[in-house]
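Structural features, examined
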Amino acid sequence: MSKRLRRAVHRHLSAADERFGLRLGAGLVGTLVAAVTFALLLLLVREGWAPLRSLDTDAAETFNRIDVAHPELVKAAEVVSHVFDPNVFRVTLTVIAVIYLIRGERHHATWLVVTVFAGAGLGLALKVIVGRARPVLPDPVSTAPGLSFPSGHALGASIGCCLLLLITLRFLSRGGRVAAVIAAALIVGTVALARVVLGVHFVSDVLAGITLGVAWVAVTTWAYVAWRRETGQPVERAAEVGTAEQPAAPGDLPVHQIRPKE
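A brief structural summary.

1. Focus: the packing of aromatic side chains
By the definition in use, this model includes four aromatic pairs. Ring plane angle 5° and centroid distance 5.1 Å describe the contact between Trp 111 and Tyr 224, whose orientation is recorded as stacked. Placement of the pair is Trp 111 in helix H5 (residues 106-130) and Tyr 224 in helix H8 (residues 203-230), with a sequence separation of 113 residues. By relative accessible area, Tyr 224 is classed as buried at 4%. Consider the rings of Tyr 224 and Trp 227, whose centres lie 6.1 Å apart with planes at 20°: the pair is stacked. Within this pair, Tyr 224 and its partner Trp 227 are both found in helix H8, separated by three residues, close to a single helical turn.

This is the structure we're talking about:
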């Protein structure tokens, strides 16, 4: 290889590594912000911080008064809750995971299944640990079983929308990606609002569900991306997370995983 070609390759790799480093840094900052926000909400709810308790109670009572006067709003919130139920996202992503498995992309399938179902389990465990009861209102328009913090619907929508974004961005144009991100954010926000409108969650419940979902997807995706880079399948952009997996070449594997020919 000539010196000029080596320099060109080196410049290309350096630029790619620099871009990856910047994106990784931004991702870590976003993950940290989401995790810290969730942890702060968890602490404040556990301690019964008066300003947050007042905000939650006032919002719940305000929406309850609005619901009584506007039953159509309640109906719309119920439709949103059913259409974007966590199980809808779970079934959809499980089907996608099975497709990946059939195609031989078991790491991709594992990433999806673990993110979806371990995330749901994490949410249920936190509900038990926190033990927060759902809002008690004078004239409830809806009921829901179980505990309140964090919101399972908000958590499920956040995990589902984030994963669907990551595996579909590569099929979209730049404008389409922006539209998809906005649509995902609107879906998550609408689901969160619907749960508060129905009086089955406090504002802090849905905020906790959203931040926990984003942080959890970021953590599992980081682990998946690390595996891809270790096997010679660099992922520099979010849109590349969903690209097809390639079998790892022997030279890409750690020494202890390379078996000599018999």
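2. Focus: the side chain of Asp 56
Inspection of the secondary structure assignment puts Asp 56 in helix H2 (residues 50-69). Using a relative accessible area of 1% as the deciding quantity, one classes Asp 56 as buried. A polar contact of 2.8 Å, which involves the side chain of Asp 56, links it to the side chain of Arg 132.

3. Observations concerning the packing of helix H6 (residues 152-168) against helix H7 (residues 174-197)
Between H6 and H7, the shortest axis-to-axis distance is 9 Å and the interhelical angle comes to 170°. Relative to H7, the element H6 is oriented roughly antiparallel. Across from His 153, Ala 154, Ala 157, Ser 158, Cys 161 and Leu 165 in H6, the residues of H7 making contact are Ala 180, Val 181, Ala 184, Ile 187, Val 188, Val 191 and Arg 195. Tallied by class, residues from the contact of H6 with H7 come to ten nonpolar, two polar and one charged.

4. What about the nonpolar core?
Ranked by internal contacts, the top residues of the largest apolar core, which has 27 residues, are Leu 93, Trp 111, Leu 112, Phe 149, Leu 163 and Ile 167. Only helix H1 (3-47), helix H4 (86-102), H5, H6 and H8 provide two or more residues apiece to this core. Looking at this core, the element that brings in the most residues is H5, giving six residues. Discounting chain neighbours no more than four positions away, the residues touching Phe 149 are Phe 38, Leu 41, Leu 42, Val 45, Leu 126, Lys 127, Val 130, Arg 132, Ser 204, Asp 205 and Ala 208. Of all hydrophobic cores here, the second largest spans 16 residues; its members include Val 74, Leu 165, Ala 184 and Val 197.

5. Details of a nonpolar patch on the surface
Residues Val 91, Val 95 and Ile 99 make up a contiguous nonpolar surface patch of roughly 260 Å² in combined accessible area. Its place among the elements puts Val 95 in helix H4. Classification of Val 95 by relative accessible area gives partly exposed; the value is 46%.

6. Focus: the pattern of salt bridges
Between side chains of opposite charge, a pair can form when the charged atoms approach closely. Inspection of every chain in the model, using the stated rule, returns three salt bridges. Between Arg 103 and Glu 105 there is a salt bridge; the shortest N-O distance is 3.1 Å. One salt-bridge network, held together by shared partners, links Asp 56, Arg 132 and Asp 205.

Conventions adopted
- Along each chain, residue indices are assigned from 1 in the same order as the chain's sequence is written.
- Per-residue local features of the predicted model are confined to residues with pLDDT of at least 70, and side-chain atom pairs are confined, for both listing and counting, to 80 or more; whole-chain, interface and lining totals are unaffected and use all residues.
- Hydrogen atoms and water are omitted, and side-chain values are computed over all heavy atoms in the structure.
- When the centres of two rings from Phe, Tyr and Trp lie within 6.5 Å, Trp using its six-membered ring, the rings pair. Their planes under 30 degrees apart give stacked, over 60 give edge-to-face, and anything left gives tilted.
- Put simply, DSSP marks the helices as runs of H or I at least four residues long and the strands as runs of E at least two long, and each gets a number from the N terminus on.
- Exposure classes here rest on a 1.4 Å probe applied to the protein chains alone. A residue is buried below 20% of its type maximum, exposed above 50%, and partly exposed in between.
- Polar contacts, as used here, are pairs of N or O atoms within 3.5 Å; protein pairs need one atom able to donate a hydrogen and one able to accept it. Residues neighboring in sequence count only if both atoms are side-chain atoms.
- Throughout, an axis means a line fitted to C-alpha atoms (over the contacting stretch in the case of helices), and angles, computed between N-to-C directions, take values from 0 to 180 degrees.
- Under this scheme an angle from 65 to 115 degrees is roughly perpendicular, one under 35 degrees roughly parallel, and one over 145 degrees roughly antiparallel; angles in between are oblique.
- In this description, contact between two residues means that some pair of their heavy atoms is separated by no more than 4.5 Å.
- Polarity classes work like this: nonpolar for Ala, Val, Leu, Ile, Met, Phe, Trp, Tyr, Cys and Pro, charged for Asp, Glu, Lys and Arg, and polar for all others, with Gly in that last group.
- Only buried Ala, Val, Leu, Ile, Met, Phe, Trp, Tyr and Cys residues count toward a nonpolar core, and they belong to the same one when joined by side-chain atoms within 4.5 Å.
- Only residues whose relative accessible area exceeds 30% and that form no salt bridge are eligible for patches; like-charged ones are grouped when within 9 Å, while nonpolar side chains (Val, Leu, Ile, Met, Phe, Trp, Tyr) are grouped when within 5 Å.
- Method for areas: the Shrake-Rupley scheme with a 1.4 Å probe, in which residue coverage is limited to the protein chains shown.
- For this document, the term salt bridge refers to a Lys or Arg side-chain nitrogen within 4 Å of an Asp or Glu carboxyl oxygen.

Spatial relationships are all this shows, so hold off on functional conclusions.
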